[in-house]
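Residue strings, one per chain:
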Amino acid sequence: MIVPRAAQPFLAFPAFLRAHGFAVAPDQTAGFVEAVALLGPGSVEQIRRAGLAMLAIPRERQAEYDALFRAHFLGQTVSAPAEGDEEDEVEAHEPEDGEAEAEEVDDISEAGAEATAVERLTARTVEADEDAALARFARMAPARLPRRRSYRFAGARKGRLDLRRTLRDAVRRDGEALTLLRRRRKAKPRRVALLIDVSGSMKERTDERLAFAHALVQAGEQVEVFTLGTRLTRITGELSQPNRARALARVARLVADLDGGTRIGEALGTFLAIPRYAGFARGALVVVLSDGLERGSPDAMIDAGRRLGRMAWQLHWLTPLAADPGYRPETAALGALAPDLDALADGGSVGAIVEHVLDVGRAR
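Residues numbered from 1 in each chain as written. Predicted model: local features only at pLDDT ≥ 70, side-chain atom pairs only at ≥ 80, totals over all residues. Heavy atoms only, no water.

Colleague: I'd like to hear about the nonpolar core, residue by residue, with values.
Modeller: Counting 38 residues, the largest nonpolar core has F137, L194, F212 and V225 as the members making the most contacts within it. Mapped by element, the contributors of at least two residues to this core are helix 5 (132-144), strand 6 (192-197), helix 7 (203-219), strand 7 (223-228), helix 9 (244-254), strand 9 (285-289) and helix 14 (350-363). Looking at this core, the element that brings in the most residues is helix 7, giving eight residues. Ranked by size, the runner-up nonpolar core spans 32 residues in total, among them F226, I274, V288 and Y327. (Core = buried A, V, L, I, M, F, W, Y, C linked by side-chain atoms within 4.5 Å. Buried < 20%, exposed > 50% of the residue type's maximum accessible area, 1.4 Å probe, protein only. Helix = DSSP H or I, 4+ residues; strand = E, 2+ residues; numbered from the N terminus.)

Below, the structure is given as structure tokens:
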């Protein structure tokens, strides 16, 4: 049976709910699709209400249903409750068609060295300092970022015999094969996902890491950048602006939890809960810039980190605490996660981050 393209998202939504523990029967799926067709629909809200009515969503799970609905149909926002607090949630944020701005607050954000789970939404400027390391990265990254073998082939001096081209060349030469032509698989850029901790404990390093993220987006072909704090924010679109100062100004307006609390585990879990984000991390180089100072139970961070490591090509955690060659993670979360990381390295400066990312491609 061929399903019309317009109906595919509505047929996939009940399966998406079943994957998250909702009991949805086939006849309920058919009723939901028929209800959507009957309604028109005139708005996204009508689709949401049709799902509530036809898929028999329990009242106590309506908040979870709403989060999954937004993740499936909008791909923008999903809430993940933190352990022990139903109202303590990490929100994934992505700008819509208009440019989003953070609401300003009267009190000044006081960021300390310790992690906190308290969400404090602020608006501040992000300084874009020119740095020799970033200039070097811009020059070398196009050739040094990780690549993977494509399924397409190209002519080469060494490699497997290209019989088809060899015979085609022989036909042009009256059946004489003067040269045995060879081929090898092409290389294409590997996806790169950069996750930046913007909590208060990383305040002194946030600006330079966002500047590095801008350089990475400008140099790479398939790069996605997110900030982690008390919410998850996708900032790839803002960093696509070639002018660094303008790009970082847009980021500062969008990221409302700069220098705020820390909920790394919940933020990573939210990243994995959104199919579009998780799909991008599959087979990609995932780099987390964070000190790993998690607040509360480490279970969420350990579980999300291990899932992300299994999904990614490589998972690298760069922390400023690893500037010491003898560094060993002391926090329970990062210590338990360390064996599952492909690299736990120095992220104390832009120069160290640049060298590490460039070395990943060179090592391959």
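Colleague: Explain the pattern of salt bridges residue by residue, including any values.
Modeller: Enumeration over the complete set of coordinates arrives at 10 salt bridges. The partner of E45 in a salt bridge is R48, with the nearest N and O atoms 2.7 Å apart. Of this pair, E45 and R48 both sit in helix 3 (residues 44-54), separated by three residues, roughly a single helical turn. Given a relative accessible area of 33%, E45 falls into the partly exposed group. (Salt bridge = Lys/Arg side-chain N within 4 Å of Asp/Glu carboxyl O.)

Colleague: Lay out helix 7 with the relevant residues and their values.
Modeller: The first and last C-alpha atoms of helix 7 sit 25 Å apart over 17 residues, in line with the 24 Å expected at 1.5 Å per residue. Along helix 7, 12 of the 17 residues are buried, which leaves the element largely enclosed by surrounding structure. (Expected span 1.5 Å × (residues − 1).)

Colleague: Tell me about the pairing of strand 7, residues and numbers included.
Modeller: With six of six residues buried, strand 7 lies mostly within the body of the structure. Burial along strand 7 is two-sided: the face carrying V223, V225 and T227 and the face carrying E224, F226 and L228 are both buried. Each parallel crossover has a hand, and the one from strand 6 via helix 7 to strand 7 is right-handed. The hairpin formed by strand 7 and strand 8 (residues 231-234) contains two residues between the paired strands. (Right-handed = clockwise from strand over helix to strand, strands pointing away. Pairing = 2+ DSSP bridges.)

Colleague: Outline unusual backbone geometry, listing residues and values.
Modeller: Positive phi, close to 55 degrees, is recorded for A56, a residue that is not glycine. For A56, the location among the structural elements is in the loop between helix 3 and helix 4 (62-74). Positive phi is not limited to glycine here, since D259 has a value of about 60 degrees. Topologically, D259 is positioned in the loop between helix 9 and helix 10 (264-273). Classification of D259 as buried rests on a relative accessible area of 5%.

Colleague: Could you give an account of helix 4, naming the residues involved and the relevant values?
Modeller: With 13 residues, helix 4 extends 17 Å between its outermost C-alpha atoms, agreeing within 8% with the 18 Å of an ideal straight helix rising 1.5 Å per residue. Along helix 4, the positions that sit buried rather than exposed are Y65, A67, L68, F69 and A71.

Colleague: Lay out the packing of helix 5 against helix 7 with the relevant residues and their values.
Modeller: In contact at an axis separation of 9 Å, helix 5 and helix 7 are set at 25 degrees when each is read in the N-to-C sense. With respect to their mutual orientation, helix 5 and helix 7 come out roughly parallel. Of the two possible hands of crossing, helix 5 and helix 7 adopt the one that is right-handed. Along its contact with helix 5, which presents L134, F137, A141 and P142, the element helix 7 presents A211, F212, A215, L216 and A219. Looking at the contact of helix 5 with helix 7, its residues break down into nine nonpolar, no polar and no charged. (Axes fitted to C-alpha atoms, helices over the stretch in contact; angles between N-to-C directions. Parallel < 35°, antiparallel > 145°, perpendicular 65-115°, else oblique. Left-handed = near helix turned anticlockwise from the far one by under 90°. Contact = heavy atoms within 4.5 Å. Nonpolar A, V, L, I, M, F, W, Y, C, P; charged D, E, K, R; others polar.)

Colleague: I'd like a rundown of a nonpolar patch on the surface, residues and numbers included.
Modeller: A contiguous nonpolar surface patch, about 390 Å² in accessible area, is contributed by L161, L163, L167 and L180. One can find L180 in the loop between helix 6 (163-172) and strand 5 (182-189). Judged by relative accessible area, L180 falls into the exposed class, the value being 54%. (Patch = residues over 30% accessible without salt bridge, like charges linked within 9 Å, V, L, I, M, F, W, Y side chains within 5 Å. Areas by Shrake-Rupley, 256 points an atom, 1.4 Å probe, with all protein chains shown as cover.)

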